[in-house]
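Residue-level structure breakdown
Residues per chain are reported as follows:
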Amino acid sequence: MNGVSERDAIFLSEMGLAPLWQLRSAPARADVAVEEAPARAPSPLQPVAQSASALAPVVPPPAPVAPPPAPRPAPAAPQPRPPGPSPLQPVAQSVSALAPVDVDSAWDDAALPSDATPEEIAAMDWDQLTIAIAACRRCSACREGRAPVPGTGAKRARWVVAAGATTAADEKARVPLAGDPGKLLDNMLAAVGMGRERDVYVTNLIKCRPTTASGGERAPTPQEAAACRPYLEREVALTGADTVLTLGQIAANTLLARPLPEPLAGARGDIHTLDAGGRAVHLVATLHPGELLRRGADKALAWADLCRARNARARSG
């Protein structure tokens, strides 16, 4: 079929159908204007085409490209800070306050050698004396690694009670005259109207517990007693006590410059004089409470010694 007649075309148009093929007209010449074809009525197939196009994937338009950021202006030169404290100074001070404090730097005036001389010990105050005892290496007892046991009680005292060597019970409790001997001592002091923490300072001559190679207790050597004596003498001077009550033969013989093995009987029964930092104080020797617990009959002797010490103070006052 070469073409569609005008009548068929009108019929197909009325039926809403357009011919599938149409005969192309001859190409127009360049010098002849082509008449614009009249607009056709919408075909009933157009909705189908539109629906099909609606199912096609929609490609989103490309995102707009952001313009490159403008270059930052150069920072202004820092202005000089007005005089006065910075707002961060309180924080810095608080942090520095929490920093660990070096003990040696904190005690610049009290930083002492571990082998302080008797002359240096005689010039110490309480804080310096405590540090010196903790760092002491003057005798073999402290060089064995034993922890020293400092004295306890009233720092301004009427009496200084001095025992011999530190015991295992003292070392465990970290106080001199611990355990049952200490309880008996408290009863003895109460019997004459005295008491620890009120008017009595209690200490040991040997601050570290002398031990054997197997860790057992042993008697101190004369060298150990002589090395510790300056500490006890300084304790007496700092307390201002006028009477020293020694317990057992080690403390009494050391302070009275007697050989350590001599029996206590040679020192008991009398009021001695002891030089404490250029000041004369009374010294009364009595039995150690540990001995009294083993020999109860000797408590009468200890009672006589306590009365003697009490009367010595009254006589000198």
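Provided above is the structure to which this section pertains.
Residues numbered from 1 in each chain as written. Predicted model: local features only at pLDDT ≥ 70, side-chain atom pairs only at ≥ 80, totals over all residues. Heavy atoms only, no water.

**Observations concerning the environment of Asp275**
Topologically, Asp275 is positioned in strand E5 (residues 272-276). As a C-alpha pair, Asp275 and Ala237 span 38 residues in sequence and 9.0 Å in three-dimensional space. A polar side-chain atom of Asp275 sits 3.3 Å from the main-chain amide nitrogen of Gly278. (Helix = DSSP H or I, 4+ residues; strand = E, 2+ residues; numbered from the N terminus. Polar contact = N/O pair within 3.5 Å; in protein donor to acceptor, adjacent residues only side chain to side chain.)

**Side note on the environment of Asn204**
Looking at the secondary structure, you find Asn204 in strand E3 (residues 200-206). The sequence separation of Asn204 and Val149 amounts to 55 residues, and the corresponding C-alpha distance is 7.9 Å. For Asn204, the residues in contact, after removing those within four places along its chain, are Ala163, Gly164, Ala165, Thr166, Asp170, Pro176 and Leu177. At 3.2 Å, the side chain of Asn204 and the side chain of Thr166 are in polar contact. (Contact = heavy atoms within 4.5 Å.)

**Topic: the layout of surface pockets**
A volume near 550 Å³ is recorded for the largest pocket. Around the largest pocket, the lining is made up of 28 residues, and of these Ala165, Thr167, Glu217, Ile250 and His288 lie nearest the centre. At the level of elements, strand E2 (159-165), helix H8 (168-173), helix H9 (179-191), helix H11 (249-255) and helix H12 (289-294) are the ones that each hand at least two residues to the lining of the largest pocket. By residue class, the composition of the lining of the largest pocket is 12 nonpolar, 9 polar and 7 charged. (1 Å grid on protein atoms, 1.4 Å probe; cavity = no way out; pocket = protein on both sides within 12 Å on 5 of 7 lines; lining within 4 Å. Points joined across faces, edges and corners; volume = space filled by probe spheres on them. Nonpolar A, V, L, I, M, F, W, Y, C, P; charged D, E, K, R; others polar.)

**Here's the deal with the pattern of salt bridges**
The tally for this structure, following the rule as stated, stands at 12 salt bridges. With its nearest N and O atoms 2.5 Å apart, the salt bridge here joins Glu233 to Arg229. In this pair, Glu233 and Arg229 are both assigned in helix H10 (residues 222-239), 4 residues apart and thus about one turn of the helix distant. Sharing partners across several salt bridges, the network here consists of Arg158, Arg198 and Asp199. (Salt bridge = Lys/Arg side-chain N within 4 Å of Asp/Glu carboxyl O.)

**A look at the pairing of E2**
Among the 7 residues in E2, 7 count as buried, and that is most of the element. Two strands pair when backbone bridges link them, and E2 and E3 are joined in this way by 6 bridges, in the parallel orientation. Bridge assignment links Ala165 to a residue of E3, and that residue is Ile206. By the bridge criterion, 4 bridges tie E2 to strand E4 (residues 243-247) in an arrangement that is parallel. Note on E4: the bridge partner recorded for Ala162 is Thr246. (Buried < 20%, exposed > 50% of the residue type's maximum accessible area, 1.4 Å probe, protein only. Pairing = 2+ DSSP bridges.)

**As for the packing of aromatic side chains**
All told, the structure shown has 1 aromatic pair when counted by the stated rule. Summarising the aromatic geometry, the rings of Trp126 and Tyr201 are spaced 5.4 Å apart at their centres and angled 45 degrees between planes, so their arrangement reads as tilted. Placement of the pair is Trp126 in helix H6 (residues 126-134) and Tyr201 in strand E3, with a sequence separation of 75 residues. For the pair formed by Trp126 and Tyr201, the shared burial category is buried. If you follow Lys155 out to its NZ or CZ, it ends over the ring of Trp126, 4.7 Å from the centre. (Phe/Tyr/Trp six-rings, centres within 6.5 Å; stacked < 30°, edge-to-face > 60°. Lys NZ or Arg CZ within 6 Å of the ring centre and 35° of its normal.)

**Things to note about the sheet that holds E4**
The 6 strands are arranged E1-E3-E2-E4-E6-E5 in an open sheet whose pairing can be described as mixed. On the outer flanks of this sheet lie strand E1 (152-153) and E5, each paired with one strand and no other. Contacting E2, E3 and E4, H9 crosses the sheet at an angle of about 155 degrees to E2. (Axes fitted to C-alpha atoms, helices over the stretch in contact; angles between N-to-C directions.)

**Overview of H9**
With 13 residues, H9 ought to run about 18 Å at 1.5 Å a step, and its terminal C-alpha atoms sit 19 Å apart, in line with that. Taken residue by residue, H9 has Gly182, Leu184, Leu185, Met188 and Leu189 as its buried positions. Down the axis of H9, the buried set is contained in an arc of 160 degrees. They therefore lie on one face. Those residues of H9 that are exposed and aimed more than 90 degrees away from the buried face are Asp180, Lys183, Asn187 and Ala190. (Expected span 1.5 Å × (residues − 1). Arc of directions from axis to C-beta.)

**With respect to the packing of H6 against H10**
H10 packs onto H6 with a crossing angle of 160 degrees between their chain directions and a minimal axis gap of 11 Å. The angle between H6 and H10 falls in the class roughly antiparallel. Crossing angle aside, the handedness with which H6 passes H10 is left-handed. On H10, the residues that touch Trp126, Leu129, Ala132 and Ile133 of H6 are Tyr231, Arg234, Glu235, Leu238 and Thr239. Taken together, the residues that form the contact of H6 with H10 break down as 6 nonpolar, 1 polar and 2 charged. (Parallel < 35°, antiparallel > 145°, perpendicular 65-115°, else oblique. Left-handed = near helix turned anticlockwise from the far one by under 90°.)

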